[in-house]
Amino acid sequence: MKKRTLIVLHYIIQFSIAQISASNVYVDSLAARVERFGTGLPQEKVYLHIDNTCYFMGDTIWYKAYVTRSDKGWLTDLSKIMYVELLTPDGYLVERQQLKMEDGTAHGAFTLTDSLYAGYYELRAYTRWMLNFGRYEHPHSKYTEDMFYNEQMARDFFRDYDKLYSRVFPVFDKPKEDGRYTKDMTVRPMRRYYKARKGKPEIDLRFYPEGGHLIAGTNGRVAFEINDEEGKHLEAELSIMDSRGKEITQTRTLNRGRGVFTLTDMKPNEEYKARLHYQGYDYEVKLPKVEKEGYALHVERKDSVLRMIIQGTNENKEELGIQIQCNGVSKAVRKLPPNATGKDTIDIYWASLPTGVNQITLFNAEGRIYADRLFFVNHHDYDKPLITIEGIKQEYAPFEPIELRMKLRQHHDADVSLAVRDHATDETTYDNGTMLTEMLLASEIKGFVENPGWYFEADDSLHRQALDLLMMVQGWRRHDWKMMAGAEKTQFEFLPEKIQTLCGSVYKTHSQHVNYKTSLSKPEKEVKVSASFIQNDKIVEASQTTTKGNFYMPSAVISENYILFLNATDTTKSKKHRIRMRKKGFMDEQAYPEFYVKLNPFFPVFPKPYCYYRDAAFEEKFPIQDSISADSSTDRILNTIIVRSKRGGLRKLDLGKPTLVIDAYEAFNLAADYGLIPGMFTPRAFSRQIATAYIGDMGMYRHYYIEVRLDGKQATTRPEYKIPHVEILSNAQMSMSNAQMKKYHRLRHLDKLYIYTDYVLREQGSWKYSQTNQPEVGIDYRLLPNDGVRPTYRDRRYAAKGYSVCTEFYSPDYSKKPMPDTKDYRRTLYWTPKVKFNNKGEAVIRLYNNSKKTVIAVEAEGIITDGKPVVWKSETDKNEL
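Residues numbered from 1 in each chain as written. Predicted model: local features only at pLDDT ≥ 70, side-chain atom pairs only at ≥ 80, totals over all residues. Heavy atoms only, no water.

## Quick notes on the pairing of strand β5 (residues 93-100)
Side-chain positions along a regular strand alternate between the two faces of the sheet. Relative to β5, strand β4 (residues 81-87) runs antiparallel, the two sharing seven bridges. Paired with Met82 across the two strands is Leu99, which belongs to β5. Once β4 ends, the chain turns through five residues before running back antiparallel as β5, passing Gly91 with a positive phi of about 105°. (Pairing = 2+ DSSP bridges. Helix = DSSP H or I, 4+ residues; strand = E, 2+ residues; numbered from the N terminus.)

This is the structure we're talking about:
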């Protein structure tokens, strides 16, 4: 274990001790804990630079990942492994890549295969260390927990995260004619389409008192945000009324559906409400209640200082502390002694605070937070670009050579990736953040910040006010002060990952039990777990004795695909007995293993919903227009995009394109690792187990209907009353011979599972799934072709993936005149994950144009050694934003 890991482990131990000995704690000691936490246990942030702004089916997505430390801004020296996932528009996993990081960076590529469908795809990225922060329990039905072997497995499955890096981009249909890039989107079959609800529109109006609370006897500023039911910002005027119906003040939205107003001399338990008129309807929404006790916090910039005004309901009889931190690092601490007036003013020099999102916390000696507030500081120390690129011509002829000259202005040590693309097919979206906007702003804000570069375009009152409103409507904190101060119990489940590891659990099996919950138990004594890593003709063995039934062992360092065998043996038995038990039934999938060995999945399960601006046109430039054709299809014109879909409600099963196609053995392994299968294939419950593993419970209070098909033939019929876990055989299934039917009950005969569903993972809890609009799942079992049989085993056998290996981007050399019939339809003309600069900080990039006249877009992003982002875009890109 390397030195950095030992240091982090030391801080975790010390932090745990601090949590235990929380008596006799003072304001300054809590602040000191926060300071030690911020530097000893920094978080990590991810940013992905991708080669293009949109893609077409069949394209390759090239990306470069940068992972930084929150405390320094430098490229991380904590984690050495990161994970990047490609998710479909509906939120289903396409592929997960495990990347080996060198000096905090990695690069890779995803291919958009023809089996996929068009839409807005998502790249999600994280390190295992990041999964210690921002965790919460994903909403789910309580009955679903009973499907897992124990409560811990259910908690692990429903573990969710407030903030992981995410980037969304459009993917269009494959061109019908080579080189003709028409921006059509044909969304996947077997999906619901809903007409807009008629009547009074639903709106979402939320209020955010400055500091978090409305306090009696104080003056309080209140920010608000108003959106429609899809999350689109609305413009509106509000009247603020008291409980007697008297109008207190009027206000209106200022930017992106946000605004602010002030309530003066608030009365205890007063109930204010807002009234507004929208699209011909009247609305009335209550504000938070006025609290009798507490402290109000007001923040404003006064010339060269940040002024913080603290107002209390009455005489302050306790010592308070106020702490400012940026990126989790403490920047200022002040103690407030008891005060008879109940009001304090504290000034901090503005220049002493770093550029970025800063966080103020007002607390007492017990760790109670009375108020907190985010605010943004901009010293313009990032305004000047750190790199220049010269040599870009206005237009290039077919196959013309292109030469770009790059130079770092002040720093000779930088990690920079470069993309050169055909500007003709660029697509402007709201998800257009850069390394700069991500590290300074978006990574610190919950949810999605649309078009974040706008906030940095100018430093006038309009932009400053809009940015402060964005800070005020954030109820989430990346850096949890209570956790950092030890005032709240915290468990760090993962260390920074240095090498590939195997982490799992072992259970004793009892085959005589019918109920799988009683068929497993923790081993009475520790057992030995053996792992075999097989790649081509190479075999690596590893083993470890469990601790409390768990194991955590280094893995063989392997790239690309390999086979992993896992089994456990009782070390108290003789060697002869262990060998016999290991061989007995080794290739019998129906034999109960002596021990059920499972890996503990740590990957995030659930995707985040798209807000309105993740998959909408850039409206500032391209308005949305709607048109309905005569052939019962809806063409929604977005920018230059045409989204094609059939209208109407739920349709019958469409076997055109499934939601997921998964290997049957891989599906079995995943369900077993989640704790849904006790280590042995059980065909009777397999469909339900697979549906839960890949789709979840849909947030329903009951089971949803699952239709089973066998190579396309319907095998179940819908029961009159839905009975959990019961599959009713249809005549189609009964017409099969018994020998043929048995093949579907054995893993060794199964090839793929085709899953069809009209359920969208991103829309759990949506009104679209209410009443009779219940989503369903279809699972089609496909046998291996030509009566094929695959080897299956009693113990666990995985087709596993090691480090992803990325091929080099192909850039053709047209130094010799190409043949007359040569066609080159490349959209990305050049991509390199790492530009090689000389000792003067200079680099020359040479490439060739495609086979048409082209205006190029050039984009460079990266980071220098002191943590400052490098961002450079050609004028064609800048004009789009």
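## A word on the nonpolar core
Residues Ile690, Ile695, Val777 and Tyr781 are the most contacted members of the largest nonpolar core, which totals 55 residues. Elements supplying a minimum of two residues to this core: α3 (151-157), β41 (660-663), α8 (664-674), α9 (683-695), β42 (706-710), β44 (750-757) and β45 (777-783). Of all the elements, α8 adds the most residues to this core, at seven residues. When residues no more than four places from it in sequence are discounted, the contact partners of Ile690 are Ile662, Ala667, Phe668, Ala671, Leu753, Ile755 and Ile779. (Core = buried A, V, L, I, M, F, W, Y, C linked by side-chain atoms within 4.5 Å. Buried < 20%, exposed > 50% of the residue type's maximum accessible area, 1.4 Å probe, protein only. Contact = heavy atoms within 4.5 Å.)

## What about the packing of aromatic side chains?
In the structure shown here, the tally under the stated rule is 44 aromatic pairs. Summarising the aromatic geometry, the rings of Phe224 and Phe261 are spaced 6.1 Å apart at their centres and angled 35° between planes, so their arrangement reads as tilted. Here Phe224, found in strand β14 (residues 220-228), pairs with Phe261, found in strand β17 (residues 258-263); they are 37 residues apart in sequence, far enough to count as distant. Both residues of the pair, Phe224 and Phe261, belong to the buried class. Ring-pair connections join several aromatic residues into one group, and the members of that group are Tyr83, Tyr126, Phe494, Phe602 and Phe603. Cation over ring: Arg688 sits above Tyr704, and NZ or CZ is 5.4 Å from the ring centre. (Phe/Tyr/Trp six-rings, centres within 6.5 Å; stacked < 30°, edge-to-face > 60°. Lys NZ or Arg CZ within 6 Å of the ring centre and 35° of its normal.)

## With respect to the sheet that holds β44
With mixed pairing, the five strands of this open sheet are ordered in space as β41-β44-β45-β42-β43. On the outer flanks of this sheet lie β41 and β43 (713-714), each paired with one strand and no other. Across seven bridges, the pairing between β44 and β45 is antiparallel. By the bridge assignment, Lys752 is partnered in β45 with Arg782. Across the sheet, α8 lies against β41 and β44, angled at about 85° from β41, the strand it touches most. (Axes fitted to C-alpha atoms, helices over the stretch in contact; angles between N-to-C directions.)

## Observations regarding the pattern of salt bridges
Opposite charge on two side chains permits pairing when their charged atoms draw close. Tallied over the full model, the rule gives 57 salt bridges. We note a salt bridge from Glu594 to Lys508, for which the minimum N-O separation is 3.7 Å. Remark: Lys508 occurs in strand β31 (residues 501-509) and Glu594 occurs in the loop between α7 (575-583) and β37 (595-599); sequence separation between them is 86 residues. Several salt bridges share partner residues, and in doing so they unite Arg135, Asp156, Arg159 and Glu493 into one network. (Salt bridge = Lys/Arg side-chain N within 4 Å of Asp/Glu carboxyl O.)

## Overview of the side chain of Glu438
Locating Glu438 in the fold gives a position in helix α4 (residues 435-440). For Glu438, which is buried and forms no salt bridge, the nearest opposite charge comes from Lys163, at a distance of 5.5 Å. Those residues in contact with Glu438, other than ones at most four positions away along the chain, are Val46, Tyr47, Tyr165 and Ser443. (Lys, Arg positive; Asp, Glu negative; His and termini not counted.)

## Some words on the confidence of the model for the protein chain
As a general rule, the predicted coordinates of low-pLDDT regions are not to be interpreted in detail. For the protein chain, the average pLDDT comes to 87, and 88% of its residues sit at 70 or higher. When the criterion is pLDDT under 50, residues 15-24 qualifies, and its contacts beyond four places in sequence or with other chains add up to 14 contacts. Note that residues 646-650 has pLDDT below 50 and, in this model, twelve contacts with residues that lie over four places away or in other chains. (pLDDT = per-residue confidence, 0-100.)

## Looking at the packing of α8 against α9
Running from N to C, α8 and α9 cross one another at 75°; their axes reach a closest spacing of 9 Å. Judged by the angle between their axes, α8 and α9 are roughly perpendicular. Contacts between α8 and α9 involve Ala664, Glu666, Ala667, Phe668, Leu670, Ala671 and Tyr674 on the former and, on the latter, Phe686, Gln689, Ile690, Ala693 and Tyr694. When its residues are assigned to classes, the contact of α8 with α9 shows ten nonpolar, one polar and one charged. (Parallel < 35°, antiparallel > 145°, perpendicular 65-115°, else oblique. Nonpolar A, V, L, I, M, F, W, Y, C, P; charged D, E, K, R; others polar.)

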